Amino acid sequence: MFLTQPRSIDLGRKLQQHNQIMSLFTQKLLPKNNNFQKNSTEPTDPPNTLINRNWQKEDYIGLSILLFSLIAAISFFSRRFEYALIFALTLSIILIAFFLTV
């Protein structure tokens, strides 16, 4: 009654052929043993030249001098604003220290 084979048998045969071809392909490409030797000369990371660690103390000293001169200049104009600025900076330093330790 059927002149051709049903589709399910045809698809199964094609899948089986495909698996055989892929197994031959991978057998030739992959090595037999899985003991890959590690390269003994691994490249080391170069030092990060974007971060200059030698100037950190000088930066903090310069920033402190700039901060105190800013407070002194503001205190020349308004005493209330100076107190508000000192309060805000003190509170910021305390919060930064708290969150860095937690």
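Here the structure is a predicted model, which is why all the values come from computation and not from measurement.

Colleague: For the overall build of the protein chain, give the residues involved together with the corresponding values.
Modeller: Secondary structure assignment for the protein chain yields three helices and zero strands. Helices and strands in the protein chain line up, N terminus first, as α-α-α.

Colleague: Please give an account of helix α3 (residues 79-101) that cites residues and values.
Modeller: The terminal C-alpha atoms of α3 lie 33 Å apart, and with 23 residues this matches the ideal 33 Å at 1.5 Å per residue to within 8%. Its side-chain oxygen placed 3.3 Å from the backbone nitrogen of Phe-81, Ser-78 serves as the N-cap of α3.

Colleague: Please set out the packing of helix α2 (residues 56-77) against α3 residue by residue, giving values where relevant.
Modeller: Two elements in contact, α2 and α3, have axes separated by 6 Å at closest approach and are oriented at 150°. Viewed along their axes, α2 and α3 adopt a mutual orientation that is roughly antiparallel. Two secondary-structure elements touch here, α2 through Leu-67, Ile-71, Ile-74, Ser-75 and Phe-77 and α3 through Arg-79, Phe-81, Glu-82, Leu-85, Ile-86 and Leu-89.

Colleague: Help me get a handle on the packing of aromatic side chains, residues and values and all.
Modeller: Within this structure, the stated rule accounts for two aromatic pairs. Ring geometry for Phe-76 and Phe-77: centres 5.3 Å apart, planes at 75°, overall edge-to-face. Phe-77 sits in the exposed class, given a relative accessible area of 71%. Geometrically, the ring pair formed by Phe-98 and Phe-99 is edge-to-face, given 5.3 Å between the ring centres and 65° between the ring planes. By relative accessible area, which is 46% here, Phe-98 ends up partly exposed. Under the relative-accessibility criterion, Phe-99 is labelled exposed at 58%.

Colleague: Any details on the pattern of salt bridges? Residues and values, ideally.
Modeller: Should their charged atoms come close, side chains of opposite charge can pair. Using the criterion set out here, one finds one salt bridge in the structure. As a salt-bridge pair, Glu-82 and Arg-79 come within 3.1 Å of each other at their nearest N and O atoms. With Glu-82 and Arg-79 both in helix α3, this residue pair falls three residues apart, about one helical turn. Since its relative accessible area comes to 10%, Glu-82 is described here as buried.

Colleague: Describe in detail the environment of Leu-70, supporting the description with residues and values.
Modeller: Mapped onto the elements, Leu-70 comes out in helix α2. Sequence separation between Leu-70 and Glu-82 is twelve residues; the distance between their C-alpha atoms is 9.5 Å.

What counts as what
Residues numbered from 1 in each chain as written. Predicted model: local features only at pLDDT ≥ 70, side-chain atom pairs only at ≥ 80, totals over all residues. Heavy atoms only, no water. Helix = DSSP H or I, 4+ residues; strand = E, 2+ residues; numbered from the N terminus. Expected span 1.5 Å × (residues − 1). Polar contact = N/O pair within 3.5 Å; in protein donor to acceptor, adjacent residues only side chain to side chain. Axes fitted to C-alpha atoms, helices over the stretch in contact; angles between N-to-C directions. Parallel < 35°, antiparallel > 145°, perpendicular 65-115°, else oblique. Contact = heavy atoms within 4.5 Å. Phe/Tyr/Trp six-rings, centres within 6.5 Å; stacked < 30°, edge-to-face > 60°. Buried < 20%, exposed > 50% of the residue type's maximum accessible area, 1.4 Å probe, protein only. Salt bridge = Lys/Arg side-chain N within 4 Å of Asp/Glu carboxyl O.

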